[in-house]
Amino acid sequence: MALSDNEIIEQIRRGDKRRYSHLVEKYKDRAFCLAFRLLKNREEAEEATEDAFIRAYNALERFQNRASFGTWLYRIIYNVCLTRLNSKKGGLKSLEYDEGKDYDEYPLTSQSSLYEKIEINDMVGFVHKIIGEMPERYQVILSLFYFQELSYQEICEIMELPLGTVKTHLFRARAMLQERLNRELKMENAS
Amino acid sequence: MNHLRNEELQEFADGFYDEQIRAQIELHLRTCTDCRARVEGLAKLRDIIRRVPAERVSYSFTNRVMRRIGVRESSSFLWFLLKNIAPIIGLFIVVGIVYVALTFTGIVDTSGIGQSDGTINTIYDKFSGELTTATSAFNGWLKRIFPFLYSKTSYSLIAVLVVIIIAALLDKYLLIPIFRRRG
């Protein structure tokens, strides 16, 4: 039977360092995905992910089971990436989060009829491309919610943002994605 | 009930409402095509996003992290083979298929195969015959090269042990460092 993260951490604390490879294997791709969304560069994202795993290992003694290991690790990665972005001139501009509470300034238009006409693989390709072109703050929130499968509350903990701000930005990210996807699908249908 | 607000739509689609509120919203969705379309749009978007291929770290990532925390990979060449057993078996299957294909196309000599036999029996007879011949040849070769292995004396046991020790030393000091360098 597979051990839980907390059981693995307990074994590492008792001296079985090799067990850490289980945690690395389990989280490496999702962690990298988050770093890549923030840093937009493969090599740099991989370095940041590696640094984050080392930091997490060194801080394992201080890890308390209040949050899951995954959430805790993503928070470390988020901070490592922010530090890297901060060291670049103007790097943090695109990651500023406002307090915005107004959902209704962003229309959520559904074009389900368009979805029917396009192959699912093509749509996945469009979405992949559109996400890559979105502002980092939206990419990060989408990544945490959809790829890391975290709850609103866990995202709040990682990004140290109020719940309302996380919900609003997630909503805006989806509205923007949907709007751009609709535009792409219309163009595809027209051609 | 008025149309659902965007905030309500999002939380409903994400499954964060309790059962009572969900029931109220579901009731509304039964009669409101506009809200239903918006919820369906969000669900569809979620399905598409989840299909987006995840970015992956390079193959040697875990080894690099483990090395940085001071853990050396201890896996032997045998473990390397076991880890890659699927591709190895796959290779055997591919070779088998190619062999059968070559046999049927006549590129490989098929004169020994009886025409009247069923296809499965033919392949089986041919394969088992080849295997028996190969095993006998290998056995004969071993007997010639390492006669002591067949002498039933204590030397054979010692020889086997020596071979295992040499293989283990080669594994530890030659093969593992090579694979470690390759990541």
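We now examine the overall build of chain B. For chain B, the helix and strand inventory stands at eight helices and zero strands. The N-to-C order of helical and strand elements in chain B reads α-α-α-α-α-α-α-α. Scored against the burial criterion, the 183 residues of chain B give a buried share of 10%. Counting contacts in chain B only where the partners sit at least 6 residues apart, residues at least 24 apart contribute 46% of the total.

Turning our attention to the overall build of chain A. Scanning chain A from N- to C-terminus turns up nine helices and zero strands. Its helices and strands taken in sequence order, chain A reads α-α-α-α-α-α-α-α-α from the N to the C terminus. Considering chain A as a whole, with its 191 residues, one finds that 35% of them fall into the buried category. Of the contacts formed within chain A by residues at least 6 apart in sequence, a portion of 72% connects residues at least 24 apart.

Once that is clear, we can look at the environment of Phe63 of chain A. Mapped onto the secondary structure, Phe63 of chain A falls in the loop between helix H3 (42-58) and helix H4 (69-86). Excluding its chain neighbours within four sequence positions, the residues that come into contact with Phe63 of chain A are Ile9 and Trp72 of chain A.

This part covers the confidence of the model for chain A. Regions with low pLDDT should not have their predicted coordinates read in detail. For chain A, per-residue confidence averages 83 on the pLDDT scale, and residues scoring 70 or more make up 83% of the total. At the low end of the mean pLDDT range in chain A sits helix H5 (residues 112-117) of chain A, at 60; at the high end sits H3 of chain A, at 94.

All of the buried residues along helix H4 (residues 61-68) of chain B are Phe61, Thr62 and Val65 of chain B. Considered in projection along H4 of chain B, the buried side chains sweep an arc of 95° and stay on one side of the axis. On the buried face of H4 of chain B, the contacting elements are helix H2 (20-39) and H3 of chain A. Remark: Gly70 of chain B follows H4 of chain B within two positions and exhibits a positive phi of approximately 90°.

Attention now goes to the interface of chain A and chain B. Often the size quoted for an interface is simply the accessible area lost on bringing the parts together. Taken together, the contacts link 37 residues of chain A with 32 residues of chain B. When contributions to the side of chain A that touches chain B are tallied by element, the ones reaching two or more residues are H2, H3, H5, helix H6 (120-133), helix H7 (136-147) and helix H9 (163-190) of chain A. Split by residue class, the side of chain A that touches chain B holds 21 nonpolar, six polar and ten charged.

With that settled, the discussion passes to the packing of H4 of chain A against helix H8 (residues 152-159) of chain A. Residues and elements named next belong to chain A. In contact at an axis separation of 8 Å, H4 and H8 are set at 40° when each is read in the N-to-C sense. If you check the angle between H4 and H8, you find them oblique. Both H4 and H8 take part in a crossing whose hand is right-handed. From H4, Thr71, Tyr74, Arg75 and Tyr78 reach across to H8, where they touch Glu154, Glu157, Ile158 and Met159.

Residue and element names in this part refer to chain A. The biggest cluster of nonpolar side chains holds 61 residues, and the ones touching the most others in it are Ala31, Leu34, Ala35, Ile77, Cys81, Ile141 and Leu144. A per-element tally of this core places H2 first, with twelve residues. In this structure, this core is formed jointly by two domains, domain 1 (5-93) and domain 2 (96-190), each of which donates at least three residues. Cys81 has contacts with Ala35, Leu38, Leu39 and Ala48, leaving out every residue within four places of it along the chain.

Residue and element names in this part refer to chain A. Direction vectors running N to C along H7 and H9 enclose 100°, while the axes themselves pass 9 Å from each other. For the element pair H7 / H9, the angle class is roughly perpendicular. Each of Arg137, Tyr138, Ile141, Leu142 and Phe145 in H7 lies in contact with H9, whose residues at this interface are Val166, His169, Leu170, Arg172, Ala173 and Met176. Class assignment of the residues belonging to the contact of H7 with H9 gives a composition of eight nonpolar, one polar and two charged.

Looking now at the confidence of the model for chain B. All names here are of chain B. Residues with a pLDDT of 70 or more make up 74% of chain B, whose mean pLDDT is 77. Ranking the helices and strands of chain B by mean pLDDT puts H4 first, with 92, and helix H5 (residues 77-83) last, with 67. The complex model carries a pTM of 0.63, and its ipTM stands at 0.79.

A few words now on unusual backbone geometry. Residue and element names in this part refer to chain A. Phi is positive for Lys40, close to 60°, though the residue is something other than glycine. Within the element layout of this structure, Lys40 appears in the loop between H2 and H3. The exposure class of Lys40 is partly exposed, given the 13 C-beta atoms found within 10 Å. Of note in the backbone geometry, Glu149 takes a positive phi value of approximately 55° without being a glycine. As for its position among the elements, Glu149 is in the loop between H7 and H8.

Once that is clear, we can look at the environment of Glu8 of chain B. The topology assignment puts Glu8 of chain B in helix H1 (residues 6-13). Sequence separation of Glu8 of chain B and Ile21 of chain B is 13 residues, and the distance between their C-alpha atoms is 9.9 Å.

Conventions we followed
Residues numbered from 1 in each chain as written. Chains lettered and ligands numbered in written order. Predicted model: local features only at pLDDT ≥ 70, side-chain atom pairs only at ≥ 80, totals over all residues. Helix = DSSP H or I, 4+ residues; strand = E, 2+ residues; numbered from the N terminus. Buried ≥ 20, exposed ≤ 12 C-beta atoms within 10 Å, placed from the backbone. Contact = placed C-beta atoms within 7 Å. pLDDT = per-residue confidence, 0-100. Arc of directions from axis to C-beta. Nonpolar A, V, L, I, M, F, W, Y, C, P; charged D, E, K, R; others polar. Axes fitted to C-alpha atoms, helices over the stretch in contact; angles between N-to-C directions. Parallel < 35°, antiparallel > 145°, perpendicular 65-115°, else oblique. Left-handed = near helix turned anticlockwise from the far one by under 90°. Core = buried A, V, L, I, M, F, W, Y, C linked by C-beta atoms within 7 Å. Domains from an automatic or database assignment.

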